[in-house]
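Fold and contact review
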Amino acid sequence: MNPLIEFCVTNLIDGSQEVKEQLEKDPDLDVQEVGCLNHCGLCAIKNYALVEGERIFADSPKELLEKIYAYLEEEQLV
């Protein structure tokens, strides 16, 4: 089973869409778009995603992508 990465639809509008699109190209990952992940305070101020239930956040889409892959490697999920 591939690691699951979830994105809030509202956060996609605020900049994490390009991260989602990059991750969708990776066949070793399952990427989902969710209506709401119930992290509204975080969602309003930073780019973020849930990776296997763990919140990963960053100040920019590029940083978010880097942090997601770093987390996946650190946890040996890919």
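The structure under discussion appears in the preceding block.
Now for a look at the structure at hand. Keep in mind that this is a model prediction, so the values were computed, not measured.

Things to note about the pattern of salt bridges
- Taken as a whole and assessed by the stated rule, the structure comprises four salt bridges.
- Across the pair Glu 24 and Lys 20 runs a salt bridge, and its minimum N-O distance is 2.8 Å. Taken together, the residues span about one helical turn, with Glu 24 and Lys 20 both in helix α1 (residues 9-24) at a distance of four residues.
- Given the relative accessible area of 44%, Glu 24 is considered partly exposed.
- In this structure, Glu 63 engages Lys 67 in a salt bridge whose closest nitrogen and oxygen atoms are separated by 3.5 Å. Pair noted here: Glu 63 and Lys 67 are both in helix α3 (residues 61-74), with a separation of four residues, about one helical turn.
- When its relative accessible area of 35% is taken as the criterion, Lys 67 is described as partly exposed.

Considerations on the side chain of Asn 47
- With respect to the secondary-structure elements, Asn 47 resides in strand β3 (residues 47-51).
- Judged by relative accessible area, Asn 47 falls into the buried class, the value being 6%.
- With residues up to four places along the chain from it excluded, the contact list for Asn 47 reads Asn 11, Asp 14, Gly 15, Ser 16, Ile 56, Phe 57, Ala 58, Asp 59, Ser 60, Pro 61 and Leu 64.

With respect to the nonpolar core
- Counting residues in hydrophobic clusters, the biggest one holds 15 residues, and the most contacted among them are Ile 5, Phe 7, Leu 23, Val 51, Leu 64 and Ile 68.
- Elements with a minimum of two residues in this core: β1 (4-8), α1, β3, β4 (54-58) and α3.
- A total of four residues in this core trace back to one element, the largest contributor, which is α3.
- Non-local contacts of Ile 5, meaning those with residues more than four positions away in its chain, are made with Leu 23, Leu 29, Asp 30, Val 31, Gln 32, Ala 49, Leu 50, Val 51, Ile 68 and Leu 72.
- Counting residues in hydrophobic clusters, the runner-up holds six residues, among them Leu 37, Cys 43, Tyr 48 and Leu 50.

Scoring rules and cut-offs
Residues numbered from 1 in each chain as written. Predicted model: local features only at pLDDT ≥ 70, side-chain atom pairs only at ≥ 80, totals over all residues. Heavy atoms only, no water. Salt bridge = Lys/Arg side-chain N within 4 Å of Asp/Glu carboxyl O. Helix = DSSP H or I, 4+ residues; strand = E, 2+ residues; numbered from the N terminus. Buried < 20%, exposed > 50% of the residue type's maximum accessible area, 1.4 Å probe, protein only. Contact = heavy atoms within 4.5 Å. Core = buried A, V, L, I, M, F, W, Y, C linked by side-chain atoms within 4.5 Å.

Remember, this is a structural readout, not a statement about activity or role.
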